[in-house]
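One letter stands for each residue in the lines below.
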Amino acid sequence: MSQSWVATVAGAPVAVEELDAAEAGLRNGPRAAALPARGTSEGRQLRRWLTQLLVTERVVAVEVAARGLTARHAPAEPEVLPDPTARLEIGSVAAAVLADPRARALYADVTAGVRVGDDEVAGYHARNPLRFAELRPDRDGWCTPSHATPPLAQVRSAIAAHLLGAARRRAFRLWLDARRAELVELAPGYEHPGDPRQPDNTHRH
C-alpha cells in the first residue's frame, strides 16, 4: 500500500493529498511554465520543498494556538521582510510562511526580546562608514552616496534598525529550525530538499 502521508507535525499527519493539492495549485498558476516537470529529480525536489512549506505552516499554527496569538497586531510584511536580501537571510520557506499575518504575529512574539547593543551599532558604522550616507544628486541627475562619512549620531537609528531586523530574522530562523526538528517527522521520500542523504540532492555541472 502506498504511503498516505508525507510527514507528521506534533503527531498529526500531513496527507499526500494535501501535498498534491499544493502542487496542483502551483501548476495551475501563473508561473506554471517555470516549474520542473513531474517525475524528474527537480520535480521531486519541488515536492520536498512544498512538504517543508506545509509542515512549517503546521508548526506555525501549533505555536500560534499555544501562545494565544492572533493576526490583529501582526507587523506588516514589509516590516519583517523589507527586501530580497531579508528573504534570503530567513530562507525561502520561512519567507513564504510569513505572508500569513498569523505567522508574522508569531515572529513578533518569538523575537520580542532580541536587542542590538550600542557597541554593535558603532562597530557596524566603523566597518561600513558609507552604508547609510545620504544620497545626493550628481551633475547628471543620478543619486549617489556622499563620499563624506556621516557622523554616527546621524545614522545611529538607521543602523540600529538594520541590525535589529537582521538579528530578529536570524533568531526566528534558528527558533523555527529547532521547533521543526522537535515537532516534524518526514516520511521516506519527502526529506528536506537539502538533505545530502536523499538521492535527488546532487550537485551537477
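Residues numbered from 1 in each chain as written. Predicted model: local features only at pLDDT ≥ 70, side-chain atom pairs only at ≥ 80, totals over all residues. Heavy atoms only, no water.

Secondary structure summary: the chain contains 8 helices and 5 strands in total. The linear arrangement of helices and strands in the chain, starting from the amino end, is β-β-α-α-α-α-α-α-α-β-β-α-β. Here the C-alpha atoms of the chain give a radius of gyration of 21 Å, more than 25% beyond the 17 Å that 2.2 N^0.38 yields for 205 residues. In terms of overall dimensions, the chain has a C-alpha envelope of 70 × 45 × 30 Å along the principal axes. For the chain, the proportion of its 205 residues judged to be buried stands at 34%. Pairs at least 24 residues apart make up 68% of the contacts formed inside the chain by residues separated by at least 6 positions. Entry remark: accessible area of the chain is about 12400 Å², with carbon and sulfur atoms responsible for 55%. One finds the centroid of the 26 positive side-chain charges in the chain at a distance of 1 Å from the centroid of its 25 negative side-chain charges. (Helix = DSSP H or I, 4+ residues; strand = E, 2+ residues; numbered from the N terminus. Rg over C-alpha atoms; globule rule 2.2 N^0.38 Å. Buried < 20%, exposed > 50% of the residue type's maximum accessible area, 1.4 Å probe, protein only. Contact = heavy atoms within 4.5 Å. Areas by Shrake-Rupley, 256 points an atom, 1.4 Å probe, with all protein chains shown as cover. Lys, Arg positive; Asp, Glu negative; His and termini not counted. Charge placed at Lys NZ, Arg CZ, Asp CG, Glu CD.)

The subject of this paragraph is the sheet that holds strand β5 (residues 184–186). Spatially, β2-β1-β5 is the arrangement adopted by the 3 strands of the open sheet, whose pairing is antiparallel. With one partner strand each, in any of the chains shown, β2 (12–15) and β5 form the two edges of the open sheet. Put simply, the sheet's adjacent strands are angled 25° from each other on average, direction ignored. For strand β1 (residues 5–9) and β2, the ladder comprises 4 bridges, and the chain directions are antiparallel. Looking across to β2, one finds that Thr8 is bridged to Pro13. Where helix α1 (residues 16–27) meets the sheet, its contacts fall on β1 and β2, and the angle it forms with β2 comes to roughly 40°. Its contacts with the sheet place helix α8 (residues 152–183) against β1 and β5, and it is angled at close to 65° to β5. (Pairing = 2+ DSSP bridges. Axes fitted to C-alpha atoms, helices over the stretch in contact; angles between N-to-C directions.)

Our focus in this paragraph is helix α6 (residues 101–110). Those residues of α6 that fall on the buried side of the exposure criterion are Ala103, Arg104, Ala105, Leu106 and Tyr107. As for α6, its buried residues are in contact with α2 (41–67), α3 (77–80), α4 (84–90), α5 (92–97) and α8.

Before going further, it helps to examine the side chain of Ser41. Within the element layout of this structure, Ser41 appears in helix α2. Among the residues examined, Ser41 registers a relative accessible area of 13% and is labelled buried.

A few words now on the confidence of the model for the chain. Residues with a pLDDT of 70 or more make up 96% of the chain, whose mean pLDDT is 92. No element of the chain has a lower mean pLDDT than strand β4 (residues 143–145), which averages 69, and none a higher one than α6, which averages 98. (pLDDT = per-residue confidence, 0-100.)

In terms of nonpolar packing, the biggest core is built from 33 residues, with Val6, Val9, Leu81, Ile90, Leu98 and Phe172 touching the most fellow members. Looking at this core, the elements that each hand over two or more residues are β1, α1, α2, α4, α5, α6 and α8. In terms of residues, this core owes the most to one element, α2, which gives 8 residues. (Core = buried A, V, L, I, M, F, W, Y, C linked by side-chain atoms within 4.5 Å.)

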